[in-house]
Structure formats: C-alpha cells, structure tokens
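The residues making up each chain are set out below.
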Amino acid sequence: MSATPQLLAISDLHVGHAENRPIVEGLHPEHPGDWLIVAGDVAETTADVKWALSLLKSRFGTVIWVPGNHELWTTTKDPVQLRGVRRYKHLVEMCRQLGVLTPEDEFPVWTGDGGPVRIAPLFVLYDYTFRPEGATTKEESLAIAHEAGIVCTDEYFLKPDPYPSIDAWCHARVAETERKLAACDPDVPLVLVNHWPLVRQPTRVLRYPEFAQWCGTELSADWHTRFNTAAVVYGHLHIPRHTEYDGVPFKEVSLGYPREWKPRGLPEKLLRPVLPVRVAP
Ligand SMILES: [Fe+2]
Ligand SMILES: [Fe+2]
C-alpha cells in the first residue's frame, strides 16, 4: 500500500490472449485514490474491451483510456462490425457508460503527488512518415515493407471510414488535437497519453525497422517541447522502457503478448507510476 495516491499507467493488455486475463484480474490500486491510464490495445473485440475496462473501473476511481490499433480493428470475431470513425465513437460511448474518460472528454487535472498536471488522452494514429531508409513516400515505404514481409495487420483490419486512408484520418486527428492542446492553460504541465509514440526515436530499437511506419507521425515530433509537458505515456511497441527526449520523460508502459512477457518475466510493478513521488524528509 503506498502512502499517497499515485497516477499509474499500463497499455497493451491484449486480453484476447487468455494468459493476459488473469494478469488484468490481478491489477489493483495500491491506494484508494490511485488513477489509472490505459494506453490502448486492450483487445480486438468490443466485448473484451468492455470486460477489461469495467473491471478496472470497479477498482480505480478514475480510469483514462485511449484507443490502440487493436480496438479499432473490424474482425469477423466481433459481432460489432462498425468501421473506422463509427467504431471509435462506439467505443467512446461505451466508455462514457462505464465512467471511463477518453480523448473526447475534457482533460482531467491530477492534483496528487507530482501534480497539478493535466492528463491529455490523445488519439493521433499514424501516417506512414516513420519511413524506412530509401523511402520518400508512403507508397515506397509500404513497398519496402511488403518486400521484407513485415506488414502490420492494420493493413487488413483497421478501416479508416469515412476517411479515404489512415493517414487522412491521422491528419484530421492531429489538427483537432493541436487545437485542444493549444487551448490548455500553459501554466499547468501536461501528461500526454497516446497509444503510438509521439516521437520517432523509440522506434529506432524495433527489431524490424520497416514496422515503424505504423507507429506514429512526424507531425507530433515537437509536441513535448511546444506544449508544457511533464511526461509522455505511450505503448504499441511492446518494448517497456523509460527514456528522455529534450529533458521530458517518455514511458512505454506495455504488458504485451504472452510470448513477449513470458521470457523476460513480468516487472515487479506492472502499473507504472507516471510522476515522481514526493519522498518524505
Ligand atoms: Fe499492442
Ligand atoms: Fe498497438
């Protein structure tokens, strides 16, 4: 039990994998005032997303969710066959009914240890600009990926409707997000939460560099310096780690697939504290 409430984060719960479900069932607050950020890739079906988020909401007073690519997939396993924006809106509506906050809500302010900070759940997607060497366009980038046999499943299941492409949807989200961030009081630092990393650097350690094109957009590269940012929380890469860019902490908080966490073992603290904790003198 921690002495004071903490702002905690996790991502990539992937509860469609049976072995990840007991892990989610084992997630509890350390303090009744803890808040929990769930940074995308909860599951592929709406029923599984609802199961995980309602369980977590029954334990944490405040739960904040952002979508990952997996929630947005339209697969034959899900009776909910909505695509693209309509699927996202359906998930947001489900969260509203559960009392879970989303990118469509007013950004909440954390006033506990490390605060005040404004938590900004974002949904920015990607636009194929984290291109592999030798590619100058999306088409060249995708051709290199197909040639290498490294093609993200999003290409088959993530539908952009009514946008013509994922990059077009991403650009609309970027414009809307920049407006919302610019309207925030600059005196209150932000915790930016997005499933995909907001800068390209974390993708440099991917085993397959061709995969980076499905991992973010160059358009958010300066957000952590342009806006007063205390920390950035992301997932998607399934490479949990803490880095710093321009003096701003970036936290990759993923659980990942059983085949990934089993060999390395689960960390002692699955729920990562986002902010530094005040140490009693
Ligand atoms: Fe994931
Ligand atoms: Fe993901």
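Structure: see above.
As a starting point, this report considers the structure included with it. (Residues numbered from 1 in each chain as written. Chains lettered and ligands numbered in written order. Predicted model: local features only at pLDDT ≥ 70, side-chain atom pairs only at ≥ 80, totals over all residues. Heavy atoms only, no water.)

### Examining the coordination of the iron ion (ligand 2)
So, step 1. At the metal site, the iron ion (ligand 2) is ligated by Asp41 (OD), Asn69 (OD1), His195 (NE2) and His236 (ND1), and these contacts range over 2.1 to 2.2 Å.
So, step 2. What the four donor atoms of the iron ion (ligand 2) show is an angle range of 90 to 160° at the metal, which sorts the shape as irregular.
So, step 3. Positions of the donor residues of the iron ion (ligand 2), expressed as sequence spacing, correspond to D-x27-N-x125-H-x40-H.
So, step 4. Taken as a pair, the iron ion (ligand 2) and the iron ion (ligand 1) lie 3.5 Å from each other and share Asp41 as a ligand. You can see His195 sitting in the loop between strand S6 (190–193) and helix H8 (223–226) and its partner His236 sitting in the loop between strand S7 (229–234) and strand S8 (241–245), a full 41 residues away along the chain. Here the two residues His195 and His236 agree in accessibility, since each one is buried. (Donors = N, O, S within 2.8 Å, 3.2 Å for Na, K, Ca; no water. Tetrahedral: all angles 85-135°; square planar, octahedral: opposite > 155°, others 65-115°. Helix = DSSP H or I, 4+ residues; strand = E, 2+ residues; numbered from the N terminus. Buried < 20%, exposed > 50% of the residue type's maximum accessible area, 1.4 Å probe, protein only.)

### A closer look at the layout of surface pockets
So, step 1. Reported here for the largest pocket is a volume of approximately 710 Å³.
So, step 2. As for the largest pocket, its lining consists of 24 residues, and the residues nearest its centre are Phe211, Leu237, Tyr257, Arg259 and Glu260.
So, step 3. Counting residues per element, the ones that place at least two in the lining of the largest pocket are helix H3 (69–72) and helix H9 (258–264).
So, step 4. By residue number, the principal contributor to the lining of the largest pocket is H9, which donates three residues.
So, step 5. Here the residues of the lining of the largest pocket are counted per class, giving eleven nonpolar, seven polar and six charged.
So, step 6. Approximately 210 Å³ is the volume found for the second largest pocket.
So, step 7. Looking at the second largest pocket, the residues that line it are Gly16, His17, Glu44, Thr45, Asp48, His70, Trp73, Thr75, Lys77, Phe157 and Tyr257.
So, step 8. Of the residues assigned to the lining of the second largest pocket, the class counts are three nonpolar, five polar and three charged. (1 Å grid on protein atoms, 1.4 Å probe; cavity = no way out; pocket = protein on both sides within 12 Å on 5 of 7 lines; lining within 4 Å. Points joined across faces, edges and corners; volume = space filled by probe spheres on them. Nonpolar A, V, L, I, M, F, W, Y, C, P; charged D, E, K, R; others polar.)

### Thoughts on the pairing of S6
So, step 1. Taking every second residue as pointing to the same face, both faces of S6 are buried, with Leu190 and Leu192 on one and Val191 and Val193 on the other.
So, step 2. As paired elements, strand S5 (residues 117–121) and S6 share four bridges and run parallel to each other. Its bridge partner being in S6, Arg118 is matched across the sheet by Leu190.
So, step 3. Relative to S7, S6 is paired through four bridges, and the arrangement is parallel. Looking across to S7, one finds that Leu192 is bridged to Val232. (Pairing = 2+ DSSP bridges.)

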